[in-house]
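Structural overview
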Amino acid sequence: MEIEQRLGLYQVFLKLYEHHRTLLDEILQLEKTSSKSLSSVPTRCITGIIQGEQVYVVTNLADGKTQTLLQSQGIWTIGRDRQLSIPIADRRLSRRHAVIQYIKDEGFYLVDLDSTNGSFINGEPVHGRMPLKDGDRIRLSNLAFSFFLCNDMHTLDETPADILTKLNAATVIPTPVTAQQSAVPVSEQNLKTPPVEHKEQTSEFLQDDFNLEDLASDVAIPQLSQTQQSEILDRFFSRQIQKVTDQN
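For every chain, the first residue of the written sequence is number 1, and numbering continues from 1 along that sequence. Totals for whole chains, interfaces and linings use all residues, but because this is a predicted model, local features are given only for residues with pLDDT of at least 70 and pairs of side-chain atoms are given and counted only at 80 or more. Based on all heavy atoms of the structure, the side-chain values leave hydrogens and waters out of the count.

The name that an unreviewed UniProt entry assigns to the protein chain is FHA domain-containing protein, with the source organism given as Allocoleopsis franciscana PCC 7113.

So, in structure tokens, the structure goes:
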């Protein structure tokens, strides 16, 4: 029974690759990154922060680095256009794809700017202005990230004296030098060695030696609507988030 299920998966994956290659590439990328260590998997997010009368967002979507973005009108635009608040070089995004907007005494909202591939909150398509809450999953076309909301600030008590004493006594531990490094002359330690080529690993479903063409010969071509493709991507995104949560 397990072999039959695996063969069925091969058939589906092959047909997806033939007729919906972009969708399958996204699925395999999510499957591959979810198997990496947590330290190598970036968590893409936007955090809306409300501190009294000051409102801003913190995000790592633009250029892969965390930034604090203040906008006097409370409007953060997202898309391929480099002039936007959060420019993202992704060909699947529209030039002006969506907006995160803050309305005083109401909160943050996501607005789709009539994008080609749509915007989604927790798998639901965005029509008009839709409210955002802490922990929402947002997807703009195939770009998936999380939204967090911080509007609760606390002033904490002073740090206990015994902890301060330990902090003051703490020293920086130098990086240890391995025996192999110490045995190599300093003049040779900086020489670069040619990188070892590793064959890129893909989904575990595609690593066995099976004749995929024969397996898929009698399988009908799947016809997937935009809604179905969106649902598949949302399920894989949810699975990836759940795996990271479980490992934490």
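1. Let's talk about the sheet that holds strand β2 (residues 54–59)
Working definition: the strands of a sheet are paired by backbone hydrogen bonds and lie parallel or antiparallel to each other. Defined as follows: At least two DSSP bridges between two strands are needed for those strands to be called paired. Numbering of helices and strands runs from the N terminus; a helix is a DSSP stretch of H or I covering at least four residues, while a strand is a stretch of E covering at least two.
Pairing in this open sheet of 7 strands is mixed, and the strands run β3-β2-β1-β12-β11-β8-β9 from one edge to the other. Strand pairing shows two members of the sheet lacking a second neighbour, β3 (67–70) and β9 (124–125), which therefore form its edges. Note: β2 against β3, 4 bridges, orientation antiparallel. Within β3, the position partnered with V58 by the bridge is T68.

2. Describing the pairing of strand β11 (residues 136–140)
Looking down a regular strand, the side chains alternate between one sheet face and the other. We count it as follows: Each residue is assigned to one of three classes by its accessible area relative to the maximum for its type, calculated with a 1.4 Å probe on protein chains only: buried under 20%, partly exposed between the two thresholds, exposed over 50%.
For β11, the buried fraction is high: 4 of the 5 residues fall into the buried class. Sheet topology places strand β8 (residues 119–121) next to β11; 3 bridges connect them, and they run antiparallel. Each bridged residue has a counterpart across the sheet, and for F120 the counterpart in β11 is R139. Count of turn residues in the β11/strand β12 (residues 143–150) antiparallel hairpin: 2 residues, of which S141 carries a positive phi of about 55 degrees.

3. Focus on the side chain of N60
Spelled out, the test is: Distance and chemistry together define a polar contact, namely a pair of N or O atoms within 3.5 Å, with one atom able to donate a hydrogen and the other to accept it when in protein, and with adjacent residues in sequence counting only for side-chain atoms on both sides. The contact criterion used is simple: two residues touch if any of their non-hydrogen atoms lie within 4.5 Å.
By secondary structure assignment, the location of N60 is in the loop between β2 and β3. The exposure class of N60 is buried, given its relative accessible area of 18%. Of note is the side chain of N60, whose polar atom sits 2.8 Å from the backbone oxygen of T43. Within the structure, the side chain of N60 is placed 3.1 Å from the backbone nitrogen of C45, a separation counted as a polar contact. Those residues in contact with N60, other than ones at most four positions away along the chain, are T43, R44, C45, K65 and T66.

4. Quick notes on the packing of aromatic side chains
Stated formally: Aromatic contacts are taken between Phe, Tyr and Trp rings whose centres are within 6.5 Å, Trp giving its six-membered ring; a plane angle under 30 degrees counts as stacked, one over 60 as edge-to-face, and the others as tilted. Counted as over-ring charges are cases with an Arg CZ or a Lys NZ within 6 Å of the ring centre that also lie within 35 degrees of the ring normal.
In this structure the tally under the stated criterion is 3 aromatic pairs. Residues W76 and F108 carry aromatic rings whose centres are separated by 6.2 Å and whose planes lie at 40 degrees to one another, so their mutual orientation is tilted. Here the residue W76 occupies a position in strand β4 (residues 75–79), and F108 occupies one in strand β7 (residues 107–112), the gap between them amounting to 32 residues. Across the pair, exposure class does not vary: W76 and F108 are buried alike. Here the aromatic cluster, defined as three or more aromatic residues joined through ring pairs, consists of W76, Y102, F108 and F147. The ring of Y109 carries R129 above its face, with NZ or CZ at 6.0 Å from the centroid. The ring of F120 carries R139 above its face, with NZ or CZ at 4.2 Å from the centroid.

5. Description of a nonpolar patch on the surface
Just so we agree on the cut-off: The patches described consist of residues with a relative accessible area above 30% and no salt bridge, like charges being joined within 9 Å and nonpolar side chains (Val, Leu, Ile, Met, Phe, Trp, Tyr) within 5 Å. To be clear on the numbers: accessible area is Shrake-Rupley with a 1.4 Å probe, and residue cover counts the displayed protein chains and nothing else. Criterion for a salt bridge: a side-chain nitrogen of Lys or Arg within 4 Å of a carboxyl oxygen of Asp or Glu.
Together, I163, L164 and L167 line one region of the surface with nonpolar side chains, adding up to about 270 Å² of accessible area. Among the structural elements, L164 can be located in helix α3 (residues 161–169).

6. So, the pairing of strand β1 (residues 45–51)
Taken across its 7 residues, β1 has 6 buried, putting it largely inside the fold. Judged from the 5 bridges that link them, β1 and β12 form a sheet pairing that is parallel. For I49, the partnering residue across the bridge sits in β12 and is C150. In this structure, the hairpin formed by β1 and β2 is closed by a connection of 2 residues, where G52 is found at a positive phi of approximately 65 degrees.

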